Amino acid sequence: MGLAYDPQVIQEFGMYDDKKMQDFINEYGKKMGAISHRSKVEYQFRVLDSPVVNAFAVPGGYVYFTRGIMAHFNNEAEFAGVLGHEIGHIAARHSAQQQSQQILAQIGFIGAMLASEKFRQYSDLAETGLGLMFLKFSRNHESQSDKLGVEYSTKIGYDAHQMAGFFNTIKRIQDGSGSNIPTFLSTHPDPGDRFNRVNELATKEQAKASSPKDLQVNRDRYLRMIDGLVYGEDPQQGYVEKDIFYHPQLKFQFPTPKSWQTVNSSSQVQIAPQDGKAAIIFTLSGEKTLAQAKQAAISADSLKVLESKNISVNGNDGIALTADLNPQVRLLMYLIQFNGNIYKFTGLAETPNFNGYESTFANCFKGFKSLTDQSKINVFADKIKIVTVAKDGTLSDVLKANNQDSKRYEEIATLNGMQLNDKLKKGTLIKTLAKGDGKK
Ligand SMILES: [Zn+2]
């Protein structure tokens, strides 16, 4: 399963471009795989370029960490605990299931919120990689994996009490996020319960360890490794501002329908109204010419074409198609040639409602054009910047001294696994946020 899906996961999220971090998780991952209950599995470890706070395992030996979760660990021992948990799912041969439609809709799966199953299928097609990130294990399996995480991380020399501490960070992200459920939480049991249980397990496991005093935490070494890590959404891969979608790297923009929700991933942009009665899917066609792209789109979904015409969209050649996906669902498709690529917009609605959405779709597609506004192009993700505390004081004092945005103090405290009134000694390393400049 892992072997087959790994390319899809990588296509969906992209690998995070940092060799020392990829090497780091590989080194510790292989070391832990070797002492696990299935040491012969060829484990593979990857850091994905996603801001979501999550780690997940795909049966077959693939373990993924997002850059979002890497940003939230505060030492190697926390990382090792979660690593052990994920390897545990593989070592114990846990079988995963897809999340319920309701949970998927809550965590921003447009496909899951679509009202019609008939066109939900269409938007789910490209979501396989995304879906793997949200696989669900049973509560029993999660508990067993926590136990294995404690055991394995202790065996490779880390203090597993730190793993318990990481559940506090998870809980704070959960409490601070409002309606959006962070994924590591929606896919895992209550972090409060786990804190107590993992602490107990760690105490027991350490009593068995040969030299418990030597168990490592390695805070400073971990923090130095993540210095410069991209943090939060990366606008270079596309963002929405005032109902306009901008893609700084590919240099295009288009308007999105007012109050529709947009979900952007590496492979597609999905846009839908709250009631889920229509959807726009925007992707890159893999084809070289408009004619080929049209043919590929028709045969991929056995479309029944009602109308096809050549068009020009803000100076770019294109084809507009109206077609039936099946007897219940009609779509408007625009294929647009731009900068050597062919982009594909698909607007879907149930056939009786189609006329009501047609102009909304067309207004979006016809607004596709080249992005030249430098102020929309030069927008970069924040980065983690590790600084040394210059003099004793509270975390608040230190953030102020480092010119951090006061509206983000709580968020930065969570990132550090600290409270704002925690007292820090001169010389301590902490995480701050720095404006990104697009350089690694
Ligand atoms: Zn798990």
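Scroll up a little and you will see the structure.
As the structure is a prediction and not an experimental result, all values here were calculated from the model. Every chain is numbered independently, its residues counted from 1 as its sequence is written. Totals for whole chains, interfaces and linings use all residues, but because this is a predicted model, local features are given only for residues with pLDDT of at least 70 and pairs of side-chain atoms are given and counted only at 80 or more. Hydrogens are left out, water is left out, and the side-chain values use all remaining heavy atoms of the structure.

Break down the overall build of the chain for me, with residues and values.
Put simply, DSSP H or I for four residues or longer makes a helix, DSSP E for two residues or longer makes a strand, and each gets a number counted from the N terminus. Of the regular secondary structure elements, the chain holds 18 helices and 19 strands. In this description the radius of gyration comes from C-alpha coordinates, and the expected globular size is given by 2.2 Å times residues to the power 0.38. In terms of overall size, the chain behaves like a compact globule, its C-alpha atoms giving a radius of gyration of 24 Å where 440 residues would be expected to give roughly 22 Å. Here the chain holds 440 residues, and 53% of them are scored as buried. For the chain, the proportion of contacts with a sequence separation of at least 24, taken over those separated by at least 6, is 66%. In short, Shrake-Rupley with a 1.4 Å probe defines the accessible areas, and a residue's cover is counted only from the protein chains shown. Here the chain displays about 19,800 Å² of accessible surface, and carbon together with sulfur accounts for 48% of that area. The positive charge centre, built from 51 side chains, and the negative charge centre, built from 47, are 2 Å apart in the chain. Type-normalised accessible area, obtained with a 1.4 Å probe on protein chains alone, sets the label of each residue: buried when under 20%, exposed when over 50%, and partly exposed for intermediate values. Contacts are residue-level and defined by heavy atoms, with any inter-residue pair within 4.5 Å sufficient. Charge assignment: positive for Lys and Arg, negative for Asp and Glu; neither His nor the chain ends contribute. Lys charges are placed at NZ, Arg charges at CZ, Asp charges at CG and Glu charges at CD.

Summarise the packing of aromatic side chains; cite the residues concerned and give the values.
Here a pair means two rings of Phe, Tyr or Trp (six-membered ring of Trp) with centres within 6.5 Å. Their orientation is stacked below 30 degrees between planes, edge-to-face above 60, and tilted elsewhere. Under the defined criterion, the tally for this structure stands at 34 aromatic pairs. Here the aromatic rings of Tyr-62 and Tyr-64 are separated by 6.4 Å at their centres, their planes lie at 15°, and the arrangement is stacked. Tyr-62 sits in the buried class, given a relative accessible area of 7%. Centre to centre, the rings of Phe-354 and Phe-361 are 6.3 Å apart; their planes meet at 50°, and the pair counts as tilted. For the pair Phe-354 and Phe-361, a shared accessibility class is recorded, and that class is buried.

Let's hear about the sheet that holds strand 2 (residues 55-58): which residues, and what values?
Read from one edge of the open sheet, three strands run 1-3-2, paired in mixed fashion. Whereas interior strands pair on both sides, the edge strands pair on one side only; in this sheet they are strand 1 (44-48) and strand 2. Ignoring strand direction, the axes of neighbouring strands in this sheet form an average angle of 20°. Between any two strands, pairing holds if DSSP finds at least two bridges. Interaxial angle, 0 to 180 degrees, is taken between N-to-C directions of lines fitted to C-alpha atoms, where a helix line uses only the stretch in contact.

Got a sec to walk through the sheet that holds strand 9 (residues 268-272)? Specific residues and values, please.
Here seven strands make up an open sheet; going across it, the order is 8-9-10-14-13-12-11 and the pairing antiparallel. What marks the edges here is a single partner per strand, and that holds for strand 8 (261-264) and strand 11 (304-313). Strand-to-strand twist across the sheet, computed as the mean angle between neighbouring axes with direction ignored, equals 15°. Across the face of the sheet, helix 14 (residues 290-300) comes into contact with strand 10 (278-285), strand 11, strand 12 (316-326), strand 13 (329-338) and strand 14 (341-350) while running at roughly 10° to strand 12.

Provide a residue-level description of the pattern of salt bridges, including the pertinent values.
We count a salt bridge whenever a side-chain nitrogen from Lys or Arg sits within 4 Å of a carboxyl oxygen from Asp or Glu. Here the structure, examined in full by the defined rule, presents 18 salt bridges. A salt bridge links Arg-46 to Asp-6; the nearest nitrogen and oxygen atoms lie 2.9 Å apart. With Arg-46 in strand 1 and Asp-6 in helix 1 (residues 2-13), the pair connects residues that are 40 residues apart, well separated along the chain. Of the two residues, Arg-46 and Asp-6, neither departs from the other in class, the shared state being buried. When the shortest N-O distance is used, the salt bridge between Asp-18 and Lys-20 registers 3.5 Å. You can call Lys-20 partly exposed: its relative accessible area is 43%. Salt bridges sharing partners connect three or more residues here, namely Asp-382, Arg-408, Glu-411 and Lys-435.

Tell me about helix 4 (residues 76-91), and please be specific about residues and values.
Taking 1.5 Å of rise per residue, 16 residues should cover 22 Å, and helix 4 covers 21 Å from first to last C-alpha, within 8% of that figure. We call two N or O atoms a polar contact when they sit within 3.5 Å, provided that within protein one can donate a hydrogen and the other can accept it, with sequence-adjacent residues counted only if both atoms are side-chain atoms. Measuring from the backbone nitrogen of Ala-77 back to the side-chain oxygen at the start of helix 4 gives 3.0 Å, which picks out Asn-75 as the cap. Taken from the residues just after helix 4, Arg-93 is the one with a positive phi, measuring 55°. By this rule the span expected of a helix is its residue count minus one, scaled by 1.5 Å.

How would you sum up the pairing of strand 12? Please name residues and give values.
Counting buried residues in strand 12 gives nine out of 11 residues, a clear majority hidden from the surface. Both strand 11 and strand 12 contribute to a ladder of nine bridges, which runs antiparallel. Within strand 12, the residue paired with Asn-310 across the bridge is Ile-319. Connecting the antiparallel pair strand 11 and strand 12 is a turn made up of two residues, with Asn-314 showing a positive phi of about 50°.

Tell me about the side chain of Arg-67, residues and numbers included.
With respect to the helices and strands, the residue Arg-67 is situated in helix 3 (residues 67-72). Accessibility expressed as a relative area gives 1% for Arg-67, which makes it buried. Beyond its immediate chain neighbours, meaning those up to four positions away, Arg-67 contacts Tyr-16, Val-47, Leu-48, Asp-49, Ser-50, Pro-51, Leu-229, Val-230, Tyr-231, Gly-232, Glu-233 and Asp-234.

So, the pairing of strand 1: which residues are in play, and what are the values?
Burial analysis of strand 1 places four of its five residues in the buried class, which makes it a mostly covered element. Bridge analysis of strand 1 against strand 3 (residues 62-66) gives five bridges, and the strand direction is parallel. By the bridge assignment, Phe-45 is partnered in strand 3 with Val-63.

Account for the packing of helix 10 (residues 161-176) against helix 18 (residues 409-416), with residues named and values stated.
Contact pair helix 10 / helix 18: the axes reach a minimum separation of 9 Å and the direction vectors enclose 155°. The angle between helix 10 and helix 18 falls in the class roughly antiparallel. With respect to the hand of their crossing, helix 10 and helix 18 are arranged in left-handed fashion. Two secondary-structure elements touch here, helix 10 through Thr-169, Arg-172 and Ile-173 and helix 18 through Glu-410, Ala-413 and Thr-414. Looking at the contact of helix 10 with helix 18, its residues break down into two nonpolar, two polar and two charged. Any angle from 65 to 115 degrees is called roughly perpendicular, while one under 35 is roughly parallel, one over 145 is roughly antiparallel, and all others are oblique. Whether a crossing is left-handed or right-handed is set by the direction in which the near helix is turned from the far one by less than a right angle, anticlockwise for left-handed and clockwise for right-handed. Nonpolar residues are Ala, Val, Leu, Ile, Met, Phe, Trp, Tyr, Cys and Pro. Charged residues are Asp, Glu, Lys and Arg, and all others, Gly as well, are polar.

So what's going on with helix 14? Which residues, and what values?
Of all the positions in helix 14, only Leu-290, Ala-293, Ala-297 and Ile-298 are classed as buried. Along helix 14, the residues classed as buried sweep out an arc of 130° about the axis, all on the same side. Looking at helix 14, the residues exposed on the side facing more than 90 degrees away from the buried face are Ala-291, Ser-299 and Ala-300. The elements touched by buried residues of helix 14 are strand 10, strand 11, strand 12, strand 13 and strand 14. Throughout, the arc means the angular range of directions from the helix axis out to the C-beta atoms.

Go over the nonpolar core with me, naming the residues and quoting the values.
Residues belong to a common nonpolar core when they are buried Ala, Val, Leu, Ile, Met, Phe, Trp, Tyr or Cys residues joined through side-chain atoms within 4.5 Å. With 58 residues, the main nonpolar core has Phe-65, Met-70 and Phe-79 as its most contacted residues. With eight residues, the top contributor of residues to this core is helix 4. Setting aside residues no more than four positions away along its own chain, Met-70 makes contact with Met-21, Phe-24, Ile-25, Val-47, Phe-65, Phe-79, Tyr-222, Met-225, Ile-226 and Leu-229. Counting residues in each nonpolar core, the second largest holds 26 residues, with Phe-252, Trp-260, Val-313 and Phe-354 among its members.

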